[in-house]
Every structure is written in structure tokens, then in C-alpha cells.
Amino acid sequence: MKEVKIGKTTLSLIVGDITEVDTEAIVNAANPTLMGGGGVDGAIHSKGGPSILKECIQIRKTLYPEGLPTGKAVITNAGNLKAKYVIHTVGPICNGVMTEKEKELLSDAYRNSLLIAKQHNIKSVSFPSISTGAYRCDIKESSKVALKTVIDFIKQNPDTFDKIQFVLFQENIYKLYQQTLEEILNESY
Ligand code: ADP
């Protein structure tokens, strides 16, 4: 586990399963359908139970009939999970190629998730490593985008969050995030 304090907000990196954590909100690396899928998405819906999907169906019927666009975020209940809310966002599909466009969309996914958390007065949020599973974005590049976006948001919204954590499913991904965080801190970014 790695932890740094940015103003009053603790930013931490842990190895773990995001369906097990007790932050007020967890972020789902969803797909535009909001109807569930593999990876984190599948784990959240299967452990959280049907009340999450029920709200997702409602969102599709009202706010996003064509699906949730890449980079946007919506919020639902968290069913049987310890968290109170699930924030569903859609990261870019890279399939191995990550240009500026994918980086911007990934940054939007993190920023819009934090924005919706702030609007709901949520004090603690957990993120998975969005787009680095089925969507195959480069993990090192994704970690830079993820951490820089979150750190910028914390600096621009200093009284908003007590804790933001990245819950990384694999040790190698955790190590890359840890390395990137150190690089960013050394640059006194
Ligand atoms: P995407 O489609 O955005 O790439 P995935 O769910 O396929 O999303 O993968 C995103 C990341 O989440 C991957 O690094 C994957 O290993 C990780 N992951 C999968 N299940 C979990 C889980 N239960 N908790 C945390 N991270 C998870």
C-alpha cells in the first residue's frame, strides 16, 4: 500500500478487489450499454445484485437511450456492496494503441467520475484501473493519465474528498501505478 496526502485528501494505491472496499463510492469501468459485462463490471453487478442493473436500465431509458458516451459518468446505488454508490464510467477502447485522443477520453472518465461524486457530496471514492483490461490501453500511460487527472482534481477541489484510492487487481499493475506516482511527486507536479 502506498499513501500520500494532498491537502486534506489521502490518495492511496492498494492491491485488491474493488467489490470488497468500503469507500462511499466505487467506480465501475463500464461499457456504453450499462448492462454489465466482464472484468470489474461483471464483478460489481454479480456481487452487488439486481438493484444496480435496475437503475442502469432506468438511466438508459431516460438520460442515455443510445448508451453512455465514452468519458461520461453516471451514478447508481451499490446494492449489496459495502459502498453506498457505484459511479459508472466508460473509458476509451485502445486495443493496444493509445493516442492523445484516448488519453483525453480516459482523463474525462476519471474527472467526470470525481465531478459526479462531488455533486453527491461523497467523501471517499475507489477507482479501478479503467481501460487497462478488455479495452487494452497501455498500463503505464493509463496510470499517468489516471494519477495526474486525480491529483489535479484534488488540487482544484481541496475541500472535497477525504480519500481517493486506486484498487488494483494485479500486483504488476499496482507496481506500475506506484512507480508513476513517485515520478509525478518527484517532478513536484
Ligand atoms: P476495461 O474494459 O475498462 O478495460 P476491465 O474490467 O476489463 O475494464 O479491466 C480494467 C482493470 O480492472 C483491469 O486491470 C482488471 O484487471 C481490473 N479488475 C478486474 N476485476 C477487478 C476487481 N474485482 N477489482 C479491481 N480491479 C479489477
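As a reminder, the structure under discussion sits directly above these lines.
A few points on the structure. Source: prediction; values computed, not measured. (Residues numbered from 1 in each chain as written. Predicted model: local features only at pLDDT ≥ 70, side-chain atom pairs only at ≥ 80, totals over all residues. Heavy atoms only, no water.)

1. So, the sheet that holds strand S6 (residues 124-127)
Strand order in the open sheet made by the 7 strands is S1-S2-S7-S6-S3-S5-S4, with mixed pairing throughout. Pairing within the sheet leaves two strands with one partner each, and these edge strands are strand S1 (2-6) and strand S4 (73-77). Each neighbouring strand pair of the sheet contributes to a mean axis angle of 20 degrees, computed without reference to strand direction. Pairing of strand S3 (residues 25-29) with strand S5 (residues 85-89) involves 5 bridges; the strand directions are parallel. Within the sheet, the bridge partner assigned to Ile-26 lies in S5 and is Val-86. (Pairing = 2+ DSSP bridges. Helix = DSSP H or I, 4+ residues; strand = E, 2+ residues; numbered from the N terminus. Axes fitted to C-alpha atoms, helices over the stretch in contact; angles between N-to-C directions.)

2. Quick notes on the site of the ligand
Near the ligand, the surroundings consist of 17 residues, among which Asp-17, Val-40, Ser-131, Gly-133 and Ala-134 are the closest. One nitrogen or oxygen atom from the side chain of Gln-170 is found 3.0 Å from an oxygen atom belonging to the ligand. Isolated, the ligand exposes 560 Å² of accessible area, and the fraction of that covered by the protein chains is 91%. Here the residues of the shell around the ligand are counted per class, giving 9 nonpolar, 7 polar and 1 charged. (Near = heavy atom within 4 Å. Polar contact = N/O pair within 3.5 Å; in protein donor to acceptor, adjacent residues only side chain to side chain. Areas by Shrake-Rupley, 256 points an atom, 1.4 Å probe, with all protein chains shown as cover. Nonpolar A, V, L, I, M, F, W, Y, C, P; charged D, E, K, R; others polar.)

3. Remarks on the pairing of strand S7 (residues 163-168)
For S7, the buried fraction is high: 5 of the 6 residues fall into the buried class. Here 6 bridges tie strand S2 (residues 9-15) to S7, and the two strands are oriented parallel to one another. Bridged to Ser-12 within S7 is Gln-165. Direction of pairing for S6 relative to S7: parallel, over a ladder of 4 bridges. Counted as the bridge partner of Ser-124 is Lys-163 from S7. The β-α-β motif built from S6, the intervening helix H4 (residues 139-156) and the parallel element S7 has right-handed crossover chirality. (Buried < 20%, exposed > 50% of the residue type's maximum accessible area, 1.4 Å probe, protein only. Right-handed = clockwise from strand over helix to strand, strands pointing away.)

4. Considering the packing of H4 against helix H5 (residues 171-186)
Closest axis-to-axis distance for the H4/H5 pair is 9 Å, and the angle between their directions is 50 degrees. In terms of axis orientation, H4 runs oblique to H5. In the packing of H4 onto H5, the handedness of the crossing is right-handed. Listed contacts from H5 to Ile-139, Lys-140, Ser-142, Ser-143, Lys-144, Ala-146, Leu-147, Lys-148 and Ile-151 of H4 are Ile-173, Leu-176, Tyr-177, Gln-179, Thr-180, Leu-181, Glu-183 and Ile-184. Here the contact of H4 with H5 is composed, by residue class, of 9 nonpolar, 4 polar and 4 charged. (Parallel < 35°, antiparallel > 145°, perpendicular 65-115°, else oblique. Left-handed = near helix turned anticlockwise from the far one by under 90°. Contact = heavy atoms within 4.5 Å.)

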